[in-house]
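Residue-level structure breakdown
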Amino acid sequence: MLGSSVRTFHRLCSSSNMINHRSLLLPSSALLPEPRTSAKSSSNSLAVTVSCSLKENRCGEARRWISMASNVATVLLNNYTVKCRSFSVEVRNAATDAYSAIEIALDSVVKIFTVSCSPNFILPWQNKPQKESIGSGFAIHGRQILTNAHVVADHTFVLVRKHGSPTKYRAQVKALGHECDLAILVVDNEDFWAGMNSLELGDIPFLQEAVAVVGYPQGGDNISVTKGVVSRVELTHYAHGQNQLLAIQIDAAINPGNSGGPAIMGNKVAGVAFQNLSGAENIGYIIPVPVIKHFLSGVEERGKYVGFCSMGLSCQTLENVQLRNHFKMHADMTGVLVSKVNPLSDAHKILKKDDIILAFDGVPIANDGTVHFRNRERITFDHLVTMKKPNETARVRVLRDGEEHEFCIALLPLQPLVPIHQFDKLPSYYIFGGLVFVPLSQPYLQEFGDDWYNTCPRRLTERALRKLPKKAGEQYVILSQVLMDDINAGYERCNSLQVKKVNGEEVLNLKHLCQLVESSTEENVRFDMEEERVIVLNYNSAKFVTSKLLKRHRIPSAMSGDLVGNQNSSQIELSSSK
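Residues numbered from 1 in each chain as written. Predicted model: local features only at pLDDT ≥ 70, side-chain atom pairs only at ≥ 80, totals over all residues. Heavy atoms only, no water.

Turning our eyes to something else, we now look at the overall build of the protein. Along the protein, the regular secondary structure elements total 12 helices and 33 strands. Counting across all 578 residues of the protein, residues that qualify as buried make up 50%. Of all intrachain contacts in the protein linking residues separated by at least 6 positions in sequence, the fraction that spans at least 24 positions is 62%. Accessible surface, the protein as shown: approximately 28,400 Å² in total, 47% of it carbon and sulfur. (Helix = DSSP H or I, 4+ residues; strand = E, 2+ residues; numbered from the N terminus. Buried < 20%, exposed > 50% of the residue type's maximum accessible area, 1.4 Å probe, protein only. Contact = heavy atoms within 4.5 Å. Areas by Shrake-Rupley, 256 points an atom, 1.4 Å probe, with all protein chains shown as cover.)

Take the sheet that holds strand β28 (residues 435-439) next. The three strands lie next to each other as β27-β28-β29, forming an open sheet whose pairing is antiparallel. Every interior strand has two partners, whereas the edge strands, β27 (430-432) and β29 (477-482), have only one. Sheet twist, expressed as the average angle between the axes of neighbouring strands with direction ignored, equals 30°. Bridge analysis of β27 against β28 gives three bridges, and the strand direction is antiparallel. Each bridged residue has a counterpart across the sheet, and for F432 the counterpart in β28 is L435. Here helix α10 (residues 510-518) sits on the sheet and contacts β27, β28 and β29; the angle it forms with β27, its principal contact strand, is near 30°. (Pairing = 2+ DSSP bridges. Axes fitted to C-alpha atoms, helices over the stretch in contact; angles between N-to-C directions.)

Within helix α9 (residues 458-466) the residues assigned to the buried category are L460, T461 and A464. Across the axial projection of α9, the buried residues extend over an arc of 95°, all falling on one side. Looking at the buried positions of α9, the neighbouring elements they touch are α7 (442-446), α8 (452-455) and β29. (Arc of directions from axis to C-beta.)

This part is about the confidence of the model for the protein. Any residue range with low pLDDT should be treated as having predicted coordinates unsuitable for detailed reading. Scored by pLDDT, the protein comes out at a mean of 82, with 80% of its residues at no less than 70. The model gives residues 1-98 a pLDDT under 50, and that stretch makes 134 contacts with residues more than four places away or in other chains. Scored below 50 in pLDDT, residues 568-578 shows 15 contacts in the model against residues more than four places distant or in partner chains. (pLDDT = per-residue confidence, 0-100.)

With respect to topology, six strands assemble into a closed barrel ordered β13-β14-β15-β18-β17-β16, the strand pairing being antiparallel. Along the sheet, successive strands turn relative to each other by an average axial angle of 50°, direction set aside. Of the pairings in the sheet, the one linking strand β13 (residues 210-215) to strand β14 (residues 224-238) comprises six bridges and is antiparallel in character. Residue pairing for β14: V213 is matched across the bridge by T226. The sheet strands contacting helix α4 (residues 289-302) are β14, β15 (243-250), β17 (268-276) and β18 (284-288), and the helix crosses β18 at an angle near 50°.

Okay, structure coming up:
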C-alpha cells in the first residue's frame, strides 16, 4: 500500500508543473526518476525507507538521497503537499540556494546601450544613419563584461548600467568574436565595479534541466527573469556570424534586449542568450560554456579573437551500403567521404578527394557524420574540429584505396573567398574614371534586400556561397557601379562583372588592382572582365575625370583608407579643386 502511494506521489510530481511546498514554489524538474521503496517487517514495528532524488542547486552536479524511517517522518499526498522533516529541509535549502543564485545574478547583469553606425556597401564611402539599441551583459572574472557581438556590432558609443542604478557608465569594446557572437567589454570607472559580482561558468546542462535567463528584454526598462528547460543540444546556425557551432535550445522566451544575458543554472552560468527561432513561440538559444571558454581563452592567450578552426573539407555521408562497398569499407567501418578540400588548408597537402575519414582524434565517426556526445546523444564531428585551438594538430584515421592510414593535420581558422560578414570595419573601394571597384562580400549582396538570394545577380550568389579561394589573400573583385560621364558611356552594362585582368595581369585582390592601375605606364588601361567583356580607359583622361566625379558626388577620396599604402597622399586623395 505504501509503495503504491509513493508511486502515486511521484506521478503527481511529474505531471504537475509546480509543487506547492509551504508557499514555496519548486519546479517539478527538481525531482529525478521514480523513488524506490523497500519495506522490512519486525516483531513490533515496520520500518520504511523512501529514497528520493533531488538535484542539488538544480544544477545536476550531485544527487542526494534522503532516507527516512516511518517513525521519524511521513509522506502525505494531499493537494500535492510534501510534509517531511528531512525532505523539507533539503527542499528549503535547495530553493534558498537557487534564489540566492538569482540574487547574485542581479548584482552581475548589466543593461547595455549601444549607438551604432553601419557602412553602406553600395556607396562604400558613406555610412547609414546611426541607430540606438539595447542589450544585456554580465560581469565575469578580470573585471570584464561578457555580451553578444551583435549587441555592439558597428558600435560608435557604448554605455552600461547596473541593476538598480540610475547611472550609465562608458564602456570600451575589448574583443569581438562575430562567428561565435560573443564580445568582451571593459569599464574603467571604479564606481561601476562597487558591489558587482562576477559570475562563474558552469557546464553544459542535461536535457530537461531548468535554467533562468536574466536580462533586459523589450517591453520594459527593468531587469527580467524568465525560466525554461533545456530542450536540445546540437550544432546550430548562428544567425549573426553565419556559422555552425554548438548551441543549447531552451523553451524560455528570448526577445530583443535579452541578448547577452546569462542563462543561470544553480549558481553558475550555463550559457549566454543570443537568438530565438523566427516564427516559433518560446524557442530560444543560448551559447554553451565550451564555446564561451574557447572564445575567452583565445583572447587571453593572443590578446585578440582569432576565430574557430576548420579542416577545410566538404564531406558526404556514407549511409548507403552500395556506396560503402564501392570504397572497400568493411562491415565494421564507418565514416564520411571527402568531396572537396580547401586549397588554403593544411588538409589540402594530405587528404584527397574520395578519402574516407574514419575517426578524428581517436573518436569514431558514424556514417551520418556524427560522433558520440554524452549518454545517448550524438553530434556532428564538426564540433570536435571547432573546439581545437589554432595551430593545434588532429589525428585523422583515413581509408584510402582500401587501406587505412593515420595523418596529423594542423587546424586553422579559414576565411572564405567571399566574406560572410564585415562588422566593425569600413568597406574597401577604388574609383578610376567613374568605375567603382569593390571586393564581393555577403554584406554587399544583402544591400539588395532581405530576399537578396533571389534578387541580386545569380552569378554573384553562386560565387558567394560555393567558390573557394585558390591563393592566400585572394578576393573576388567586381565592378560595382559606373558613375556616369562621357568617358565611360556604354560601360554601365558591365556592372556586377568580375575583373579578371588589368593590362594582361591577373588580379589577386582589390589592393592589387589599385596598384596595377596607379603604377601603369601605358597610355590606356585595359580591364578584362567576366564573360569576355573588355573595358579600356585613357589613363590621363580617366584621372582627370575622376577628380570631377569625386566633387560631383561628394566623395572624399578615390580609394578607401586600407588601399592607401605607401602611395603619396597627393596622388591618392585627388583634390576636388582641380
